[in-house]
Amino acid sequence: MVVKKQERESLVHERYLRHQKKFPHVWCAGCGIGIVMGAIVRAVDAVGLSNDEVAMISGIGCSGRMPVYVDFNTMHTTHGRALAFATGLKMVRPEMKVIVVMGDGDALAIGGNHFIHAARRNIGLTAIIINNNVYGMTGGQYSPTTPTHAYATTAPYGNIEQPFPICQLAEAAGAAFVARSTVYHARELSRFITQAIQKEGFSVVEAVSYCHTTYGRINKLGSAVEMMRRLKENGVSQRAFERLPEEERADKIVRGVFVDRDIPEYTQLYDQIIARAQQAVAA
Amino acid sequence: MTARLMQGDEACAEGAIAAGCRFFAGYPITPATDIAEVLARRLPQVGGKFIQMEDEIASMAAIIGASVGGAKAMTATSGPGFSLMQENIGYACMAEIPCVVVNVQRTGPSTGLPTSPSQGDVMQARWGTHGDHPIIVLSPFSVREAFDLTVRAFNMAEKYRTPVILLMDEMIGHMREKVELPPPETIEVVERVITSVPPEWYKAYENTPSDVPPMISFGQGYRYHITGLFHDERGFPTQRLDEIDPWIARVFRKIERNLRDILIYETDQVEDAEVVVIAYGATARSARHAVRLAREQGLRVGFLRLSTIWPFPERIVAEVAERIHRVIVPEMNLGQLALEVERVVGRRKVIRVGKANGEMIAPREILDAIGRG
Ligand SMILES: Cc1ncc(C[n+]2csc(CCOP(=O)(O)OP(=O)(O)O)c2C)c(N)n1
Ligand code: SF4
Ligand SMILES: [Mg+2]
């Protein structure tokens, strides 16, 4: 049966969102987080997963509210710890697809240690980091990805810290798949998430978003529409970025798949441990 | 079964296996490391899984995740790690996730005396995480009891959908004793209550007659939401008082109405006693000896040994105290459970024998307190 694109979209919503029960959502009008949610459910649909085999685990923050709205096995954990909760779940239910949704503060400040260690173990989780360069939920404090010199409620004289390059961090720490796109490039974002979910090991997708009500307001970046336009203009592919002269690179957001490598996945390795231990007992 | 020489930590690990524990996450710390080392070897032998996490916060989180996935799960630590676990222990309370947290107490605060015993975490075990919540805390006084109470801790965790804390101490954890473990078929092992309703009807936090809602693990076709926010019967966040209040009432009630099962204790010669010694954990060994010496001297002394310290067995303590003049409470802290004893024994005199310097309390010190009028 051929399903028209529009019908298919509504089927995806029907199937994967807790549509009647939990909307309207808590996010500000114009926020990019909902676009990431859309990209995730479309990816789950593209992979052809049933609701039952997917778990969505989040931390605390605006992004952490996402699991309420999706019809999966969902868990809203503590700030920064989503990956550690997900690690326990994945170890006892390796057959499940576990998607972990985190904010930039969640994943990289309070949860930074869990992030690099989940990557180092290469455990089969899909980590989606919604990077809006700020602590949105608590009202605009600087985060580990706030650009140097930008303002925040806790950086009233400008930020003197350097931002974390999320994708490079994930790569260095050992992730099997690392990609970045933006909420403007929603289809590409969904495609990257599809690839991430299909990857056996630890996969990371940085979804660059914005927070017009805090960061945008404090830094005079305009409305949601203007911030979205900036993502459109600054979001460039890897190839386009390499062709740019040095002086034009500064504000660019490089989109693409940066890492896609085959390394043994943790829960599969642990199955070998069990086999070894049981052999030793039998002998 | 033959007797063997065994450490308290090892007995705890074996108790976990016997109780059906199939997931352990932890971070090394003296004097609890031995539990992790035994389980790293033993768990995969029985098809279970072990992971050394990056810290104790992650360990606590991982056992909650594993429990949600359907495994009986445990972590083990000592003071500094127990402090780090507190936020996620509260999450397990709020989300009603069965799990067992072992704290082999060492002398604190801070790094303190890593290889010395202590009972300094009695109040932390009760109130360490923020907010009002019920909790079950068990404290073994021998290697054999470390085994038995670990099994009981899992049974209570699963039966009542709650975290249970096993409060050991360095003395019991590291001590070697000759123990005879019960044959596996004689050990009572409790499984969590699951549901018979179809997924559409399932409410993970329903106000059931037993006050313990059935718990289905993730991936079984029953999709629901778990959160550390106050939630309604389906698990979704709520701020409505008519949903919050029943939840609070229920989680306290599910413990209170099962005190007969939860409170484990032992009395000795309290019938004719004028003085009673109340003790738990390693200190109960000295106390038991002191009571024996006192009886030999013709003093009418009884003994109440608590294995469950939280919820505090107030009725039992009050009853024992009714007919006597004095209560002696020895503990390796400066008077933590003694505060509770004082609260429930009315006008009777409570003599604290406290020490927080890493030294065991000797029977002689307790005997002196018995003799003191
Ligand atoms: C242990 C702890 N510390 C602090 C907080 C308060 N807090 C809630 S959300 C948040 C930051 C959220 O920022 P981010 O992770 O970037 O998510 P966003 O809201 O931007 O999506 C903080 C600090 C908390 N909930 N828990
Ligand atoms: S505060 Fe910012 S991040 Fe949070 S919902 Fe509003 S716009 Fe989105
Ligand atoms: Mg943020």
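Residues numbered from 1 in each chain as written. Chains lettered and ligands numbered in written order. Predicted model: local features only at pLDDT ≥ 70, side-chain atom pairs only at ≥ 80, totals over all residues. Heavy atoms only, no water.

Chemist: How should the overall build of chain B be read in this particular structure?
Modeler: The helix and strand inventory of chain B stands at 13 helices and 16 strands. On the principal axes, the C-alpha backbone points of chain B span a range of 70 × 45 × 40 Å. Intrachain contacts of chain B at a sequence separation of at least 6 include 76% that bridge at least 24 residues. Counting every atom, chain B has about 14,000 Å² of accessible surface; 50% of that belongs to carbon and sulfur. (Helix = DSSP H or I, 4+ residues; strand = E, 2+ residues; numbered from the N terminus. Contact = heavy atoms within 4.5 Å. Areas by Shrake-Rupley, 256 points an atom, 1.4 Å probe, with all protein chains shown as cover.)

Chemist: Where do I start with the coordination of the magnesium ion (ligand 3) in this structure?
Modeler: Expected angles at a metal are 109.5 degrees for tetrahedral coordination by four donors and either 90 or 180 degrees for octahedral coordination by six donors. Residues and elements named next belong to chain A. Summarising the metal site, the magnesium ion (ligand 3) is bound by the protein donors Asp-104 (OD), Asn-132 (OD1) and Val-134 (O), whose distances to it range over 2.0 to 2.1 Å. Spacing between the donor residues of the magnesium ion (ligand 3) along their common chain follows D-x27-N-x1-V. Of this pair, Asp-104 sits in helix 5 (residues 104–110) while Val-134 sits in strand 5 (residues 134–135), placing them 30 residues apart in sequence. Here the two residues Asp-104 and Val-134 agree in accessibility, since each one is buried. (Donors = N, O, S within 2.8 Å, 3.2 Å for Na, K, Ca; no water. Buried < 20%, exposed > 50% of the residue type's maximum accessible area, 1.4 Å probe, protein only.)

Chemist: Would you explain the site of ligand 1 in this entry?
Modeler: Around ligand 1 sit 17 residues, and of these Cys-62, Ser-63, Asp-104, Asp-106 and Gly-136 of chain A come closest. Surrounding ligand 1 are residues belonging to chains A and B, so the site spans chains. At a separation of 2.9 Å, an oxygen atom of ligand 1 approaches a polar backbone atom of Gly-136 of chain A. Relative to its unbound accessible surface of 590 Å², ligand 1 loses 77% to contact with the protein. (Near = heavy atom within 4 Å. Polar contact = N/O pair within 3.5 Å; in protein donor to acceptor, adjacent residues only side chain to side chain.)

Chemist: What am I meant to see in the pairing of strand 7 (residues 177–182) of chain A here?
Modeler: For a regular strand, the rule is simple: side chains alternate between the two faces of the sheet. Residue and element names in this part refer to chain A. A large share of strand 7 lies buried, amounting to six of its six residues. Burial along strand 7 is two-sided: the face carrying Phe-177, Ala-179 and Ser-181 and the face carrying Val-178, Arg-180 and Thr-182 are both buried. With helix 8 (residues 186–198) bridging strand 7 and its parallel neighbour strand 8 (residues 203–208), the resulting β-α-β unit is right-handed. Relative to strand 10 (residues 253–260), strand 7 runs antiparallel, the two being bridged by four bridges. Counted as the bridge partner of Arg-180 is Gly-256 from strand 10. (Right-handed = clockwise from strand over helix to strand, strands pointing away. Pairing = 2+ DSSP bridges.)

Chemist: I'm lost on the interface of chain A and chain B in this one. Help?
Modeler: For an interface, size is often stated in terms of accessible area lost upon the parts coming together. Contacts between the two partners involve 41 residues from chain A and, on the opposite side, 42 residues from chain B. Roughly 3,400 Å² of surface becomes buried between chain A and chain B when both sides are summed, with 60% attributable to carbon and sulfur atoms. At the junction of chain A and chain B, the tally comes to three salt bridges. In this structure, Arg-223 of chain B engages Asp-52 of chain A in a salt bridge whose closest nitrogen and oxygen atoms are separated by 2.8 Å. At the level of elements, strand 1 (54–58), strand 2 (73–76), helix 4 (82–92), helix 6 (112–121) and helix 12 (266–282) of chain A are the ones that each hand at least two residues to the side of chain A that touches chain B. The element that contributes the greatest number of residues to the side of chain A that touches chain B is helix 12 of chain A, accounting for eight residues. The class makeup of the residues in the side of chain A that touches chain B is 19 nonpolar, 13 polar and nine charged. (Buried area = accessible area lost by both parts, 1.4 Å probe. Salt bridge = Lys/Arg side-chain N within 4 Å of Asp/Glu carboxyl O. Nonpolar A, V, L, I, M, F, W, Y, C, P; charged D, E, K, R; others polar.)

Chemist: Looking at this structure, I do not really get the site of ligand 2. What am I missing?
Modeler: Every residue lining ligand 2 is accounted for by Trp-27, Cys-28, Cys-31, Cys-62, Asn-132, Gly-136, Cys-211, His-212 and Thr-213 of chain A. Across the shell around ligand 2, the residue classes break down as five nonpolar, four polar and no charged.

Chemist: I'm lost on the side chain of Asn-103 of chain B in this one. Help?
Modeler: Residue and element names in this part refer to chain B. Along the polypeptide, Asn-103 turns up in strand 5 (residues 99–107). Overall, Asn-103 belongs to the buried group, its relative accessible area being 0%. At a separation of 2.9 Å, a polar atom in the side chain of Asn-103 contacts the side chain of Asp-121. Filtering out sequence-adjacent residues up to four positions away, Asn-103 remains in contact with Thr-77, Ser-78, Gly-79, Phe-82, Asp-121, Leu-166, Leu-167 and Met-168.

Chemist: Please explain the confidence of the model for chain B as it appears in this structure.
Modeler: On average, residues of chain B score 97 in pLDDT, and 99% of them are at 70 or above. Taken together, the chains of this predicted complex give a pTM of 0.98 and an interface ipTM of 0.97. (pLDDT = per-residue confidence, 0-100.)

Chemist: Where do I start with the pattern of salt bridges in this structure?
Modeler: In a structure, side chains of opposite charge can pair up when their charged atoms sit close to one another. Counting across every chain of the model gives 32 salt bridges over all chains. Through salt bridges with shared partners, one network takes in Arg-18, Asp-52 and Asp-71 of chain A together with Arg-223 of chain B.

Chemist: Please clarify how the sheet that holds strand 11 (residues 265–268) of chain B should be interpreted in this entry.
Modeler: Whenever strands of a sheet pair, they do so through backbone hydrogen bonds, lying parallel or antiparallel. Residues and elements named next belong to chain B. The five strands are arranged 11-13-12-15-16 in an open sheet whose pairing can be described as mixed. Here the strands that pair on one side only, and so sit at the sheet edges, are strand 11 and strand 16 (349–354). Direction aside, neighbouring strands of the sheet carry axes that sit 20 degrees apart on average. Packing against the sheet, helix 10 (residues 283–296) makes contact with strand 12 (275–279), strand 13 (301–306) and strand 15 (326–331), and its axis sits at approximately 165 degrees to strand 13. (Axes fitted to C-alpha atoms, helices over the stretch in contact; angles between N-to-C directions.)

Chemist: Is there a simple way to explain the sheet that holds strand 9 (residues 235–237) of chain A in this structure?
Modeler: In spatial order, the strands read 9(A)-10(A)-7(A)-8(A)-4(A)-3(A)-1(A)-2(A)-10(B); together these nine strands make up an open sheet with mixed pairing. At either end of the open sheet lies a strand with only one pairing partner, and these are strand 9 of chain A together with strand 10 (225–227) of chain B. Strand-to-strand twist across the sheet, computed as the mean angle between neighbouring axes with direction ignored, equals 20 degrees. Contacting strand 1, strand 2, strand 3 (97–103) and strand 4 (125–131) of chain A, helix 4 of chain A crosses the sheet at an angle of about 175 degrees to strand 3 of chain A. Contacting strand 2 of chain A together with strand 10 of chain B, helix 4 (residues 79–95) of chain B crosses the sheet at an angle of about 135 degrees to strand 10 of chain B.

Chemist: Would you explain the domain arrangement of chain B in this entry?
Modeler: Residue and element names in this part refer to chain B. Per the domain assignment, the segments making up chain B are domain 1 (3–186) and domain 2 (265–372). Across the contact, 27 residues belong to domain 1 and 24 residues belong to domain 2. Across the domain 1/domain 2 interface, buried area totals approximately 2,000 Å², and carbon plus sulfur atoms make up 58% of it. There are two salt bridges connecting domain 1 and domain 2. Here Glu-145 ties to Arg-305 by a salt bridge, and the two come within 3.0 Å at their closest N and O atoms. The interface formed by domain 1 and domain 2 includes 16 residue pairs in polar contact (both at pLDDT 80 or more). (Domains from an automatic or database assignment.)

Chemist: Please explain unusual backbone geometry as it appears in this structure.
Modeler: Note: most peptide bonds trans; most residues except glycine with negative phi. That bond from Thr-30 of chain B to Pro-31 of chain B is cis: its omega, 5 degrees, falls within 30 degrees of zero. Relative to the elements of secondary structure, Pro-31 of chain B occurs in the loop between strand 2 (21–26) and helix 2 (33–45). With an omega dihedral of 5 degrees, the bond running from Gly-108 of chain B to Pro-109 of chain B counts as a cis peptide bond. Looking at the element boundaries, Pro-109 of chain B is found in the loop between strand 5 and strand 6 (113–117). Positive phi, close to 55 degrees, is recorded for Asn-122 of chain A, a residue that is not glycine. Inspection of the secondary structure assignment puts Asn-122 of chain A in the loop between helix 6 and strand 4. Of note in the backbone geometry, Glu-96 of chain B takes a positive phi value of approximately 55 degrees without being a glycine. As for its position among the elements, Glu-96 of chain B is in the loop between helix 4 and strand 5.

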